[in-house]
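Structural overview for review
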Amino acid sequence: MDTKFIGKKSAAAGGWGALKSCGKQLLQSGMPISGARTMLKANQPDGFDCPGCAWGDPEHGSSFEFCENGVKAVAWEATEKRATPAFFAEKTVSQLRQLTDYELELNGRLTHPMRYDAASDRYLPVAWEDAFAEIGSILRGLDSPNRAEFYTSGRASNEAAFLYQLFVRVYGTNNFPDCSNMCHEASGIAMRQAVGVGKGTVLLEDFEEADAIFVIGQNPGTNHPRMLGDLRRAAIRGARVVVFNPIRERGLERFSDPQDKVEMLRGGSTDIASLYLQPQLGGDMAAVRGMAKAVLAAEDAAVAAGLPSVLDHAFLAEHCAGFAEYRAAVEATSWAEIEDQSGLSRQEIERAADVYINAERVICTWAMGVTQHLHSVATIREIANFMFLRGNIGRRGAGLCPVRGHSNVQGDRTVGINEKPSDDFLDALEKHFRFTVPRQHGHNVLAAIGAMLDGSAEAFIGLGGNFARATPDSALVEKALRRLKLTVHIATKPNHSHLMPGETAFILPCLGRTEMDMNAAGNSQLISVEDSMSMVHGSAGINRPASPHLLSEVAIIAGIAQATVGSAVVDWAELADDHDRIRDHIEATIPGFENYNARLRKPRGFHLRNTAAHREWDTPAGKASFCSEALPDETVHQRARKGEGRFALQTFRSHDQYNTTVYGLDDRYRGVYGERQVIFIHPADLEAMNAEAGDRIDVVGEHDDGIERIAENFRFVPYDIPRGSIAGYYPELNVLVPLGSAGRESDTPTSKSIMVSFRRRKAA
């Protein structure tokens, strides 16, 4: 059996492997020297914000504030390779569709606006003015603005996102399917219910004071590596790091900081996790409920023994609502139920609870391992419940910390990308711009796909991203896009979404984050972004544009807006030429942005005030609110074990990947090289199936809607993962994620809760 693709895992995250990878990526870009110089300006006050993750920048920044992922993102954007009109002339769209994501994006930066020609099945160059005019004509010709969908990627700046939502609302709809619908939607909903704010309550500096950090359903080594530096520093000073993750992830075990010269020269590394627990898929809520049960038992024991209280009774009395009901719900939950659903033993959960009890200041952080389940909102409410018990919200070194993915996904929401906008926001827009805003709630991602499939949506505009590959049920989404009257993609590189053209289709190339955006006066334009800690900071590109034909995202939006709705309400050209004017409008309509332009130009920017961090609770009860919801009747792994040969699948990224962008074919932290079509599985499960590492199989979806979903020709990789649970990479496995399976309240695809089985393939 061919298992050459399975190799040695890195001894630790980071280290020399990270430096080697950085060098490889810069060489592959064709611009190793200029690329290295560019990285010196990443996340610096006089440079650009890294186009990768949304991890925060410290107030006391070092000389180097980038990581391996940042180098990959910058090298990917600053490549010398170009996807010119000649590239599109060589192959039909049908032929380009046969390329993998990696092969397609290797062709480099887009250089010209392109229009799809159905007769030749090719994209042909088009003038910007003609593209804008035709897009505007089609949008104006729809019988309702609600027949158009306006997607946003988290890489868009605050300025581009605000202008985009303004244009769309002047046009007349709230249809804003957004990348956040597919990742942290549950975090925002749950936290607004619990503490009144849908954002994390911590600053980066709080990680310097925490006594314990709980990391749940998160893999920072691959998804936001700079976080590992903060976890490493916390571990070195004695803070306990408790991990709940079904997969053994190298970055949460050991990390070698490439910026620590002594550690690098000695070939050393630092232990990260003090305690590493591996729950079953979907078992996090039960695990957290178990810790709460242990904390309440410890409180009872302390009271009986006359010892100091374990709970923060002052916080519970003054700041919380619903504690008595929650305590009753916890006491009604048996340990047998908790153990069965979590996949962890009572002893393991009590060890984690002991860490919590003995820590004065605790941070709880999580990501999509928590948010992409049916019961994600309830799980995050349970995390908040747990943190309320000892008052770990609203003080230094403690709090809730959902870690966002793309660099400005949080900022986009702050400035108005929301299909369910608040009345206060709409009122502010209406008063300031003096137009009648649409009040009907619009479509999120799943609703937009449904509208495209049933014909009620006829146009799609994508501000960045790779919609066809990021969304679930890939085959259905491709069908949905290709039946539209209009598809428009604002992008930096060719991707698979561009190859699903509607009747009329455009690819509009934009500037990247690292490139200078010069206005008519010859001045470099500044943009802004918001990180996971609600810090807003400026970003100015330093490289020359990849092509003289590129426009900024703001200029492209302004061009489409002018051609669609005219300038009676907004002078789009003026805003495109002066981003300060856009920020003036943000300041006038969104609380927290007072004196925006001046504060943005200060080193490290400014912080958007978080009321929950100050123990001000904008909830119906006016207090931090406990949730007494019972555990789910059944999780995906409990359902899977009822059927012969069924498994619970989660999708995740490889280490050479960020979202749908594939930088390479290796995953050195998990020991997989040159291969992406793999399934990670427990060795005992392989043995029980009489299968071996490297065996080829098809993965078959087991959703009960009558649709056949198959991911073909995958290979097994034995791995440290709970029995009955398996994992593999997206977007290759997105074909198995059903549109009809979404989180309760969040409507997020359940990409971490997929029921599957296997079919053997005959040897070639």
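Before any of the text, the structure's been laid out above.
Now for a description of the structure that goes with this document. This is a predicted model, so every value here is computed, not measured.

**Description of empty space enclosed by the protein**
This structure, assessed with the given rule, holds eight cavities of 30 Å³ or more. The calculated volume of the second largest cavity comes to roughly 340 Å³. Contributions of two or more residues to the lining of the second largest cavity are made by α10 (220-223), α19 (368-371) and β22 (647-652). Residue contributions to the lining of the second largest cavity peak at three residues, all from β22. By residue class, the composition of the lining of the second largest cavity is nine nonpolar, 15 polar and six charged.

**With respect to the pattern of salt bridges**
Under the defined criterion, the tally for this structure stands at 44 salt bridges. For Glu-732, the salt bridge identified is with Arg-676, shortest N-O distance 2.6 Å. In this pair, Glu-732 is assigned in the loop between β30 (725-729) and β31 (754-760) and Arg-676 in the loop between β26 (672-673) and β27 (678-681), connecting sequence segments 56 residues apart. Comparing Glu-732 with Arg-676 shows no difference in burial state: the two are buried. Shared partners join several salt bridges into a network, and the residues in it are Asp-2, Lys-4, Glu-675 and Arg-715.

**Section: the sheet that holds strand β11 (residues 275-277)**
With parallel pairing, five strands are arranged side by side in an open sheet as β11-β8-β7-β13-β14. Single-partner strands in this sheet number two, and they are β11 and β14 (399-402). Put simply, the sheet's adjacent strands are angled 15 degrees from each other on average, direction ignored. Pairing between strand β8 (residues 240-244) and β11: three bridges, direction parallel. Residue pairing in the sheet places Val-242 in a bridge with Leu-275 of β11.

**Some remarks on the environment of Pro-738**
Secondary-structure assignment places Pro-738 in the loop between β30 and β31. Those residues in contact with Pro-738 that lie beyond four places of it in its chain are Asp-473, His-703 and Arg-709.

**Some remarks on the nonpolar core**
The biggest cluster of nonpolar side chains holds 62 residues, and the ones touching the most others in it are Phe-214, Phe-244, Phe-388 and Leu-389. Sort the elements by how many residues they give to this core and helix α14 (residues 284-305) lands first, with 10 residues. Among the nonpolar cores identified, the runner-up in size contains 61 residues, and Phe-435, Leu-486, Val-488 and Ile-556 belong to it.

About the thresholds
- Residues numbered from 1 in each chain as written.
- Predicted model: local features only at pLDDT ≥ 70, side-chain atom pairs only at ≥ 80, totals over all residues.
- Heavy atoms only, no water.
- 1 Å grid on protein atoms, 1.4 Å probe; cavity = no way out; pocket = protein on both sides within 12 Å on 5 of 7 lines; lining within 4 Å.
- Points joined across faces, edges and corners; volume = space filled by probe spheres on them.
- Helix = DSSP H or I, 4+ residues; strand = E, 2+ residues; numbered from the N terminus.
- Nonpolar A, V, L, I, M, F, W, Y, C, P; charged D, E, K, R; others polar.
- Salt bridge = Lys/Arg side-chain N within 4 Å of Asp/Glu carboxyl O.
- Buried < 20%, exposed > 50% of the residue type's maximum accessible area, 1.4 Å probe, protein only.
- Pairing = 2+ DSSP bridges.
- Axes fitted to C-alpha atoms, helices over the stretch in contact; angles between N-to-C directions.
- Contact = heavy atoms within 4.5 Å.
- Core = buried A, V, L, I, M, F, W, Y, C linked by side-chain atoms within 4.5 Å.

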